[in-house]
Amino acid sequence: MKLERIAVVGAGTMGHGIAQVLAASGCQVALTDVSASAVDTALSKIAASLERFCQKGAISQADKTATLDRLYPAGALSELADRQIVIEAASENEAIKRQIFQDLDHHCPPDTILASNTSSIPLTRIAAWTRRPAQVIGMHFMNPVPLMPLVEVIRGLATSDAVWQAVMTLARQAGKTPVTVMDAPGFVSNRILMPMINEAAFALYERVANAEDIDTVMKLGMNHPMGPLALADLIGLDTCLSIMDVLYREFRDSKYRACPLLTQMVAAGRLGKKSGQGFYIY
């Protein structure tokens, strides 16, 4: 099964990145969001991203034009019935994702694959929101999507072999390295990464060191390309908090308790780069 007709639901940072790499790989990609203006903004950002690749000599102007020609905005989810796979890339909010999957299950034919870019919510639970659990799978891309090579391909309890194989092939076609992960809260990446970020927040909260020095220790001492607090700002502190809350709720283990400073910053609207202030000011 070759997947060529694709839709991406959610035109935020992850959604438009996913749409870009899939269109660049030759797929026809419909991009939709509850906000039409968000789709317009996303398409502009994709064009700007492709232009930067052109300026660096990574792609040609013809490649850029062809990629943009394979992208188009879609309106309601009912317009996605001809897609072979729909990739949900909405906010890491269970209620929002549940509504999207229930709507997609209603509008899309039974053989349409429904994938989620969720970073922590168990896939078996997501699949249970539909009448097609064998057709539900996770495709967890990393941020920024055009640059990061990894995709976690998460199999729910009922995900079929055919769906898994088709999605692995799609990820490779998009130039990514897919890694198969069985269903568990946080999967592999965020089960390891988020507790590290949370512990860095605790070190700051307890005044062990300032943010710059905490990040310097991890960059120079552990050879990380970016410190955990700067990375949290890039990801979004609200997303980090949501993932920690999922881990805490699912494992019922106090080691996943979110740092109070992280909770306070999200409540104050200090979400990282996207809001102009997080652990750092932008």
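The rules behind each value
Residues numbered from 1 in each chain as written. Predicted model: local features only at pLDDT ≥ 70, side-chain atom pairs only at ≥ 80, totals over all residues. Heavy atoms only, no water. UniProt positions renumbered as here; feature names shortened; annotations may be inferred. Domains from an automatic or database assignment. Contact = heavy atoms within 4.5 Å. Salt bridge = Lys/Arg side-chain N within 4 Å of Asp/Glu carboxyl O. Polar contact = N/O pair within 3.5 Å; in protein donor to acceptor, adjacent residues only side chain to side chain. Nonpolar A, V, L, I, M, F, W, Y, C, P; charged D, E, K, R; others polar. Axes fitted to C-alpha atoms, helices over the stretch in contact; angles between N-to-C directions. Helix = DSSP H or I, 4+ residues; strand = E, 2+ residues; numbered from the N terminus. Parallel < 35°, antiparallel > 145°, perpendicular 65-115°, else oblique. Left-handed = near helix turned anticlockwise from the far one by under 90°. Pairing = 2+ DSSP bridges. Core = buried A, V, L, I, M, F, W, Y, C linked by side-chain atoms within 4.5 Å. Buried < 20%, exposed > 50% of the residue type's maximum accessible area, 1.4 Å probe, protein only. Expected span 1.5 Å × (residues − 1).

- As recorded by an unreviewed UniProt entry, the chain carries the name 3-hydroxybutyryl-CoA dehydrogenase and is attributed to Paludibacterium purpuratum.
- Under the Sequence similarities (unreviewed entry) heading, UniProt states for the chain: "Belongs to the 3-hydroxyacyl-CoA dehydrogenase family."

Some points on the domain arrangement of the chain
Reasoning step 1: Domain boundaries assigned for the chain yield domain 1 (5-182) and domain 2 (190-275).
Reasoning step 2: Look at where the C-alpha atoms of domain 1 and domain 2 centre, and you get two points 26 Å apart.
Reasoning step 3: Contact with domain 1, which involves nine residues of that partner, is made by seven residues of domain 2.
Reasoning step 4: Scanning the region where domain 1 abuts domain 2 turns up two salt bridges.
Reasoning step 5: Put simply, Arg-249 and Glu-94 hold a salt bridge, and the shortest N to O gap is 3.5 Å.
Reasoning step 6: Inspection of the region where domain 1 meets domain 2 yields three residue pairs in polar contact (both at pLDDT 80 or more).
Reasoning step 7: Per-class residue counts for the side of domain 1 that touches domain 2 are two nonpolar, four polar and three charged.

Overview of the packing of helix α10 (residues 237-251) against helix α11 (residues 260-267)
Reasoning step 1: Across the interface, α10 lies against α11 with an axial gap of 9 Å and an inter-helix angle of 130 degrees. The angle between the axes of α10 and α11 places the two elements in the oblique class. Crossing of α10 against α11: the hand is left-handed. For the pair α10 and α11, the contacting residues are Leu-237, Asp-238, Cys-240 and Leu-241 in the first and Leu-262, Thr-263, Met-265 and Val-266 in the second.
Reasoning step 2: Of the residues that constitute the contact of α10 with α11, the class distribution is six nonpolar, one polar and one charged.

As for the sheet that holds strand β2 (residues 28-32)
Reasoning step 1: Read across the open sheet, the eight strands follow the order β3-β2-β1-β4-β5-β6-β7-β8; overall the sheet is mixed. Of all the strands in the sheet, just β3 (71-73) and β8 (177-182) have a single pairing partner and so form its edges. Adjacent strand axes in the sheet meet at a mean angle of 25 degrees when their direction is disregarded.

So, the nonpolar core
Reasoning step 1: Counting residues in hydrophobic clusters, the biggest one holds 36 residues, and the most contacted among them are Leu-22, Val-29, Ile-85 and Met-139.
Reasoning step 2: Sequence-distant contacts of Val-29, that is, excluding residues within four places in its chain, are made with Ile-6, Val-8, Ala-19, Leu-22, Ala-23, Arg-70, Leu-71, Tyr-72 and Arg-83.
Reasoning step 3: Core analysis: the second largest hydrophobic core is formed by 25 residues, Leu-229, Met-244, Phe-279 and Tyr-280 among them.

What about the UniProt feature "domain: 3-hydroxyacyl-CoA dehydrogenase C-terminal" (unreviewed entry) in the chain?
Reasoning step 1: Here the UniProt feature "domain: 3-hydroxyacyl-CoA dehydrogenase C-terminal" (unreviewed entry) sits at residues 186-282.
Reasoning step 2: Taken end to end, residues 186-282 is 62% helix and 0% strand, and its first and last C-alpha atoms sit 28 Å apart.

Some thoughts on helix α7 (residues 189-205)
Reasoning step 1: Compared with an ideal rise of 1.5 Å per residue, which puts 17 residues at 24 Å, α7 spans 24 Å between its outermost C-alpha atoms and is within 8% of the ideal.
Reasoning step 2: Those residues of α7 not exposed but buried are Ser-189, Asn-190, Met-194, Ile-197, Asn-198, Ala-200, Ala-201, Phe-202 and Ala-203.
Reasoning step 3: In this fold, the buried residues of α7 make contact with β6 (136-141), β7 (150-155), α8 (211-222), α9 (228-235), α10 and α11.
Reasoning step 4: Trailing α7 by a residue or two, Arg-207 shows a phi angle of about 60 degrees, which is positive.

Notes on α10
Reasoning step 1: Under the 1.5 Å per step criterion, the end-to-end length of α10 is 21 Å for 15 residues, consistent within 8% with the ideal 21 Å.
Reasoning step 2: Buried within α10 we find Leu-237, Cys-240, Leu-241, Ile-243, Met-244, Val-246 and Leu-247.
Reasoning step 3: Check the buried side of α10 and you find it contacts α7, α9 and α11.
Reasoning step 4: One or two residues past the end of α10 sits Arg-252, with phi positive at roughly 55 degrees.

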